[in-house]
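# Per-entry structural report
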Amino acid sequence: MNLTTALARLLIFPGLLFAIPFAWFFLWVERKAVALMQGRIGPPFMQPFYDFIKLLGKSNPPRTGIAGALMKVWPLLAVSSAASAVAFLPVLPNYGGFQGDLIFLLALLEVPSFCIIAAGFSSRSIFGEIGSAREAVLSVSYNIVFLLAIVSIAASQHTFRLDALAALPASPLRWLGVAALLVCLPAKLHLNPFSLPNAEQEIYAGPMTEYAGPELAMWELSHGLEWVAATGLVATLAAPYIAAWWLAAIVFVALSIGIVLLLSVLASATARLAIDTTVRFYWQCTLIFAVLAISSALFMRLRS
Amino acid sequence: MKLWNRLMCYCRRRSPWLFHMNSGSCNGCDIELVASLTPRYDAEQLGVRLEGSPRHADILCVTGPVTRKAVGAVKTVYEQVCGPKAVVAIGSCPATTNVFIDSRTLDGPLNKHIPVDVFVPGCPPRPDAIIAGVAKAAGILAERAAKPVDSERTPHAAVEQTEVRP
């Protein structure tokens, strides 16, 4: 991957030029799906765009010192890492990744979560601190399952290269891994059964309580980009290999929208769980399947 | 630049985020405000979102006749909302202190402490009247965006006040 293609991937497809409208589109699909499930009509199509522009035009409360500077840095860091995570997705077939880019993508996907934790603590609001503590506990719980699922997929297919994984035919073990990833996605995207960190009304707005104006707009954008990156990762692992690039792109987008719809319907059909129930769910119920998946992957690898 | 301002006005009108503040209300107006977000009235079609934090909000919705204990909180929350902002007084209480007038526990009405843009009278007002008031306040926000000097207002300033009749 030379510099030109890398820049093209970061800025055009599947990077910023593609990902930002898609982030808004996914945020709209989520809100619309929840509204339809509740028997409402829901927001207009351009709503996330209106919200973003409006937030850009609002003023910020005056902030001083290192905490104020940090509060400006975290949302930008979250947006840039989420955008580069999207740019790493092997949507187009002749992608030219490198060995281990899957690990790099996972690290980039994890950065927004760290930023949220740090943002809540640096805002020094009591609700922000509660939200950050919850986010930290939640990320420790779901990440074990998330990473074990990815490792079992990679071990069963003998590679940590994303494009190689996308090109290989899917084994039954990979479907188990994709199912485990899907279980983790609501927690990663702060959706309803596990919407603990940003629990609306319960702890005001969680880590985002003190954020306003353009900074809040960046958080909304990074949340949307996280949607694109996380659903895109599952879509790449679940999609069959297609040589024609336009068909591959269409399948990728359709699968992503399908996952967004699935998660939104789940979010509107469930209520928020308590933090101890959530942690128990991931450590007791889901971890067993993840350990089974990785042990069978390793076993298959030893036999072959 | 002109195009950007016009876009900003349009987006402000289309995306009013509310913060709901109870200054000693009997809960009648509060449940009507929540009812305006339910499937029957569905204020989200106008882009309305009820936010948890005053920092995120554009429009401050105040219910209740402003008790003495609530005065400080009302002023603090008004300061916490970032500009440009608008205030909607929901119900008869924040407008006139209603049947509690001359009570020694009150320090109302609301526009004694913060500038109010839209009054929605009623005891309680109907959800459609509340939605009409919020839409009107969103229009005021958009006008304020066109003239950015006016957005830096101080409390007790003489403002043009509008009343919504159901």
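Before going into details, it helps to say that this report is about the structure given with it. Here the structure is a predicted model, which means the values were calculated and not measured.

Along its length, chain A carries 11 helices and 0 strands. In summary, chain A has a C-alpha radius of gyration of 19 Å against a globular reference of 19 Å for 304 residues, a match within 12%. Considering only C-alpha atoms, chain A reaches an extent of 60 × 45 × 45 Å along its principal axes. Looking at the 304 residues of chain A, the share that counts as buried comes to 55%.

Counting 86 residues, the largest nonpolar core has L181, W219, L225, W227 and L233 of chain A as its most contacted members. At 15 residues, the largest contribution of residues to this core is made by helix 9 (residues 213-238) of chain A. The contact partners of L233 of chain A, leaving out residues within four places of it in the chain, are L89, L102, L105, L106, L109, F146, I150 and L162 of chain A. Counting residues in each nonpolar core, the second largest holds 19 residues, with C29, C61, V118 and A137 of chain B among its members.

On to the interface of chain A and chain B. With 31 residues of chain A in contact, the opposing surface of chain B contributes 28 residues. Summing the contributions of chain A and of chain B, the shared interface buries around 2,500 Å²; its carbon and sulfur component is 54%. Per-residue buried area on chain A facing chain B is highest for Y50, K54 and K58 of chain A; these three make up 25% of the total on that side. There are 7 salt bridges connecting chain A and chain B. When the shortest N-O distance is used, the salt bridge between R31 of chain A and E44 of chain B registers 2.9 Å. Linking chain A to chain B there are 18 residue pairs in polar contact (both at pLDDT 80 or more). A class-by-class count of the residues in the side of chain A that touches chain B yields 16 nonpolar, 8 polar and 7 charged.

Residues and elements named next belong to chain A. In the structure shown here, the tally under the stated rule is 17 aromatic pairs over all chains. Aromatic pair F18 and F22: ring centres 4.5 Å apart, planes at 25°, arrangement stacked. With F18 and F22 both in helix 2 (residues 16-37) and 4 residues apart, the pair spans about one turn of that helix. Owing to a relative accessible area of 17%, F22 belongs among the buried residues under this scheme. Of the aromatic side chains, those joined through ring pairs into one cluster are F18, F22, F25, F26, W28 and F45. Sitting over the face of the ring of F146, K188 holds its NZ or CZ atom 4.9 Å from the ring centroid.

All names here are of chain A. Residue placement: L102 occurs in helix 5 (residues 101-123). A relative accessible area of 1% means that L102 is categorised as buried. C-alpha of L102 to C-alpha of R272: the two residues are 170 residues apart in sequence and 31 Å apart in space. Setting aside residues up to four positions removed in sequence, L102 forms contacts with I150, A154, F160, L162, L165 and L233.

Next up on the list: the pairing of strand 3 (residues 59-63) of chain B. All names here are of chain B. Within strand 3, 5 of the 5 residues are buried, which leaves the element mostly enclosed by the surrounding structure. Inspection of the sheet shows strand 1 (residues 17-22) paired to strand 3 by 5 bridges, in the parallel sense. The residue of strand 3 that forms the bridge with F19 is L60. Alignment of strand 3 against strand 4 (residues 86-90), held across 5 bridges, turns out to be parallel. Bridge pairing in strand 4 places I59 opposite A86. Taking the sense of rotation as the criterion, the β-α-β connection linking strand 3, helix 3 (residues 71-80) and strand 4 turns out right-handed.

The next point concerns the pairing of strand 4 of chain B. All names here are of chain B. In terms of residue burial, strand 4 counts as a mostly covered element, since 5 of its 5 residues are buried. Of the pairings in the sheet, the one linking strand 4 to strand 5 (residues 118-120) comprises 3 bridges and is parallel in character. Within strand 5, the residue paired with A89 across the bridge is F119.

Residues and elements named next belong to chain B. Here the structure, examined in full by the defined rule, presents 0 disulfides over all chains. Cysteine C26 remains unbridged, with the sulfur of C29 as its closest cysteine sulfur at 6.1 Å. Judged by its relative accessible area of 66%, C26 is exposed.

Residue and element names in this part refer to chain A. If you trace the backbone, E30 turns up in helix 2. Put simply, E30 is tucked away with no salt bridge, and the nearest opposite charge, on R31, sits 7.1 Å away. In this view, E30 contacts L191, W227, V260 and S264; residues no more than four positions away in its chain are not counted.

Quick notes on the rules
Residues numbered from 1 in each chain as written. Chains lettered and ligands numbered in written order. Predicted model: local features only at pLDDT ≥ 70, side-chain atom pairs only at ≥ 80, totals over all residues. Heavy atoms only, no water. Helix = DSSP H or I, 4+ residues; strand = E, 2+ residues; numbered from the N terminus. Rg over C-alpha atoms; globule rule 2.2 N^0.38 Å. Buried < 20%, exposed > 50% of the residue type's maximum accessible area, 1.4 Å probe, protein only. Core = buried A, V, L, I, M, F, W, Y, C linked by side-chain atoms within 4.5 Å. Contact = heavy atoms within 4.5 Å. Buried area = accessible area lost by both parts, 1.4 Å probe. Salt bridge = Lys/Arg side-chain N within 4 Å of Asp/Glu carboxyl O. Polar contact = N/O pair within 3.5 Å; in protein donor to acceptor, adjacent residues only side chain to side chain. Nonpolar A, V, L, I, M, F, W, Y, C, P; charged D, E, K, R; others polar. Phe/Tyr/Trp six-rings, centres within 6.5 Å; stacked < 30°, edge-to-face > 60°. Lys NZ or Arg CZ within 6 Å of the ring centre and 35° of its normal. Pairing = 2+ DSSP bridges. Right-handed = clockwise from strand over helix to strand, strands pointing away. Disulfide = S-S within 2.5 Å. Lys, Arg positive; Asp, Glu negative; His and termini not counted.

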